[in-house]
Amino acid sequence: MREDAAADDRAPAERTLTNAERDLQLMIDSIPALAWSALPDGTVDFFNSHYLDYVGLSPVQMRDRQWKSVVHPDDLEVVDAAWKSLSAAQSDGEIEARLLRHDGQYRWFSFRTNPLLDNSGAVVRWYGINIDIEDRKCATRLLAGERRLLEMIAWGRPLRDVLEALCKVVEEAAPECYCDIHAIDLTKSLIEYSVAPSLPHSYTDPIAGTPLDGTKLPCGIAVSQKAQVIAEDMESDPRWYHSPVRIHVLRHGLRAVWSTPICSKDGVVLGTLCIVQRQSSRPSGHHQDVISRATNIASIAIERLRAEDELRRREHYLKAGERTSLTGSFTWDMNTDKIEFSDQLRHIYELNDDADITADNVRKRIHPDDECVLNEQIAQIRRGCTDIEFEVRLVMPDGRIKFTHAFASVFQHPDGGLECIGAVQDVTRRRTAEDALANARAELTHVTRVMSLGALTAAIAHEVNQPLSGIVTNASTCLRMLAANPPDIEGARETARRSLRDGNRASEVITRLRGLVQKKDRAVEHVDLNELSREVLALAAPELQRRGIVAQSSFDIDLKPILGDRVQLLQVVLNLILNAADALVPVKERPRRIQLRTSQDVAGRVRLTVSDTGQGVEPTDIEKIFDAFYTTKPDGMGIGLSVSRSILERHNGRLFVDTHEGPGASFSFSIPIADTNDVG
Ligand code: ADP
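Residues numbered from 1 in each chain as written. Predicted model: local features only at pLDDT ≥ 70, side-chain atom pairs only at ≥ 80, totals over all residues. Heavy atoms only, no water.

Looking at an unreviewed UniProt entry, one finds the chain named histidine kinase, with Rhizobium favelukesii as its source organism. According to UniProt, the comment filed for the chain under the heading Catalytic activity (unreviewed entry) is "ATP + protein L-histidine = ADP + protein N-phospho-L-histidine." (UniProt positions renumbered as here; feature names shortened; annotations may be inferred.)

Have a look at this one:
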């Protein structure tokens, strides 16, 4: 009875225990984690239903250490080592390893293990919980990947390298996906190139240059609509039946294509990020998160690196332009006096790459005579002038002289700071060539004058010498005859007659010579004195510029043409201008100016006047200056004005010097206009 009673008492107790176990079992199975327990030797004898569901195996398949078959082979070593150290220490611990899911995908888990100890401290059982940390791991990986990519962008790594690394980060975060980034050239409406490191070249190469035909390509639609396009299954989705991309995708064993536009911060489409998969599939929340982060990074990379490329390209052009035009540039912060030179300007100044650009270093190169020019320009800028242009010479350390032409403008920054930005051109070659040309021209003029004078002198000498020596011989014969005793009067008379004849012959020679000069063949044509004057001014411009002379002109636009020898008239005007330029040499205290004026008078004559602000003509010299060989210049010939006067006389014209108001002289000539002009 007692036994029965005891048995009766036990029954509800056992029942209670069974219920408790069932509750516990239920509780363990409902934990959102993979729970397990093992014997002290590590033999796992319990897996909760979550565990079994996850791996898709039965308890029997999992027991006897079979559970290790679902651990990622690369992580087995870590798991074994951890178990060894835990069982040796009989303590709790935690490791991370990947477990194979029933669908063949590995996910990361945190394995947490706790021993249950008895009173003596020995392990009675091991309890463990494996928590899915795949998403956390993925987020950490993504973050690390993003950081790496941003570093690459900051270091200015090539865009393709960055996009390739970005694809790898995406594929790491979403292992079942292949990432393919298309850079887009919107101006040409085509895909520039495709970057997809995990896809074969046969897939990516044909994509480059594909036109973005809006309706047929997922990425074309993504670009035109600026929205994500999901092609879940390229094979069965009728939308893509006629898309050329369908065959291409299927031929590479792919099915799903998700295309997302990559937009700049201003909303311009820079490219597309395509995710392709071997299975038909739609993006999960995790996928969308990865895509959104990746497009963000891609947009930063494309925008920034394209801008940098553009900057580099422009810098390159600028440098090439500076090199070829021998022009360097500089900036001068007018508040801090900090000066920066471009490479080309350093080259012009012959300053080393590491030489400090300071006001002192710059000044050291300026020719001492031109320092005042620089100072004046700086003073002008300081006084508020915003644009300057000037020329200074530089002296190189070895004494070479360089001519430079500088332009600069002042800019005000939003913070009020003033900056002077300018360009300096090395014009040495041009200047040397101009000088050589001016010298050659001067030489030529001189040689021509000397030669014509020489030829004239030789001719005169030759022609006049004979009658002269005849006269001398006759005169001495005449003297001898008169000194005879008795004087030979008749002989003396005859020799005097011969002297007379020789004298007349000499005079004839001179007349003939003049006639020779005058009757030289001349090309007579209609000459527009305005046009001729412009031509002469252009010819003389470098010489005038070199001497700091400003030439002005005032032409009568209704001027009628004259008939004459163009070349000779050109010589006359050039001679008047060069004389005026010579007269301006000593002028320091007033502007050096030459003015050319043409006009027409009522008498039907055209007039050309060359006025200057030079030293002028002394009233006592006014008549003399037209005489041949009269000159007041140390190296003058004194034939310019006399030749000019005879040229003009042959044109029925006149050459005269005007009385002048103020300093300087005015030389004019006038010639009848063509219809009344009779050229002799
Ligand atoms: P050259 O120029 O060789 O002296 P020209 O016959 O051309 O010969 O000039 C003669 C002189 O006339 C000059 O030496 C100079 O004294 C004077 N002369 C000519 N043009 C001017 C001028 N524009 N101003 C002042 N003097 C002048």
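Student: Which residues make up the pairing of strand β15 (residues 418-426), and what values go with them?
Tutor: Bridge analysis of strand β11 (residues 327-333) against β15 gives 7 bridges, and the strand direction is antiparallel. Considered in β15, the bridge of G328 is made with V424. Counted between consecutive antiparallel strands, the loop separating strand β14 (residues 401-412) from β15 contains 5 residues, among which G416 sits at a positive phi close to 95 degrees. (Pairing = 2+ DSSP bridges. Helix = DSSP H or I, 4+ residues; strand = E, 2+ residues; numbered from the N terminus.)

Student: Go over the packing of aromatic side chains with me, naming the residues and quoting the values.
Tutor: One pass over the full model with this rule turns up 5 aromatic pairs. Here the aromatic rings of F341 and Y349 are separated by 5.2 Å at their centres, their planes lie at 65 degrees, and the arrangement is edge-to-face. No difference in accessibility class separates F341 from Y349, as the two residues are buried. The side chain of R645 reaches across the aromatic face of F626, ending 3.9 Å from its centre. (Phe/Tyr/Trp six-rings, centres within 6.5 Å; stacked < 30°, edge-to-face > 60°. Buried < 20%, exposed > 50% of the residue type's maximum accessible area, 1.4 Å probe, protein only. Lys NZ or Arg CZ within 6 Å of the ring centre and 35° of its normal.)

Student: Requested: an account of the packing of helix α5 (residues 134-154) against helix α10 (residues 285-325), with residues and values cited.
Tutor: At a minimum axis distance of 10 Å, the contact between α5 and α10 shows a crossing angle of 5 degrees. With respect to α10, the axis of α5 lies roughly parallel. Along its contact with α5, which presents C138, L142, L143, E146, L149, L150, I153 and A154, the element α10 presents H286, V290, R293, I297, I300, A301, R304 and L305. The class makeup of the residues in the contact of α5 with α10 is 12 nonpolar, 1 polar and 3 charged. (Axes fitted to C-alpha atoms, helices over the stretch in contact; angles between N-to-C directions. Parallel < 35°, antiparallel > 145°, perpendicular 65-115°, else oblique. Contact = heavy atoms within 4.5 Å. Nonpolar A, V, L, I, M, F, W, Y, C, P; charged D, E, K, R; others polar.)

Student: Run through unusual backbone geometry, naming residues and quoting values.
Tutor: Following N485, the chain continues into P486 via a peptide bond in cis, with omega recorded as 0 degrees. Relative to the helices and strands, P486 is located in the loop between α14 (428-483) and α15 (489-518). At S189, a residue that is not glycine, the phi angle is positive and equals roughly 55 degrees. Note that S189 resides in the loop between β6 (178-185) and β7 (190-195). Non-glycine residue K226 carries a positive phi angle of around 50 degrees.

Student: Requested: an account of the site of the ligand, with residues and values cited.
Tutor: Surrounding the ligand, one finds 21 residues, the nearest of these being N579, T631, T632, K633 and L641. Here an oxygen atom of the ligand and a side-chain polar atom of T632 are 2.3 Å apart. The separation between an oxygen atom of the ligand and a polar main-chain atom of L641 is 2.8 Å. Relative to its unbound accessible area of 530 Å², the ligand is 96% covered by the protein chains. With 4 residues, the top contributor of residues to the shell around the ligand is helix α17 (residues 566-583). (Near = heavy atom within 4 Å. Polar contact = N/O pair within 3.5 Å; in protein donor to acceptor, adjacent residues only side chain to side chain. Areas by Shrake-Rupley, 256 points an atom, 1.4 Å probe, with all protein chains shown as cover.)

Student: Could you give an account of a nonpolar patch on the surface, naming the residues involved and the relevant values?
Tutor: A cluster of nonpolar side chains, contributed by L116, V124 and Y127, occupies part of the molecular surface with about 250 Å² of accessible area. In this fold, L116 is placed in strand β4 (residues 106-117). (Patch = residues over 30% accessible without salt bridge, like charges linked within 9 Å, V, L, I, M, F, W, Y side chains within 5 Å. Salt bridge = Lys/Arg side-chain N within 4 Å of Asp/Glu carboxyl O.)

Student: Residue-level account of the sheet that holds strand β1 (residues 34-38), with values.
Tutor: Within the open sheet, the 5 strands sit side by side as β2-β1-β5-β4-β3. Their pairing is antiparallel. In this open sheet, the two strands that pair with only one neighbour each are β2 (44-47) and β3 (93-100). Strand after strand, the sheet turns through a mean of 25 degrees between neighbouring axes, direction not considered. Taken together, the 8 bridges between β3 and β4 define a ladder with antiparallel strand orientation. Residue pairing across strands places A97 opposite F109, the latter belonging to β4.

Student: Describe in detail the sheet that holds strand β12 (residues 339-341), supporting the description with residues and values.
Tutor: Where strands meet in a sheet, backbone hydrogen bonds hold them as pairs that are either parallel or antiparallel. Taken together, 5 strands build an open sheet; the order of strands is β12-β11-β15-β14-β13 and the sheet is antiparallel. The open sheet terminates on both sides in strands that have one partner only, identified here as β12 and β13 (387-395). Across the sheet, the axes of successive neighbouring strands diverge by a mean angle of 25 degrees, strand direction being ignored. In the packing of helix α13 (residues 371-382) onto the sheet, contacts are made with β11, β13, β14 and β15, and the angle to β13 comes to roughly 155 degrees.

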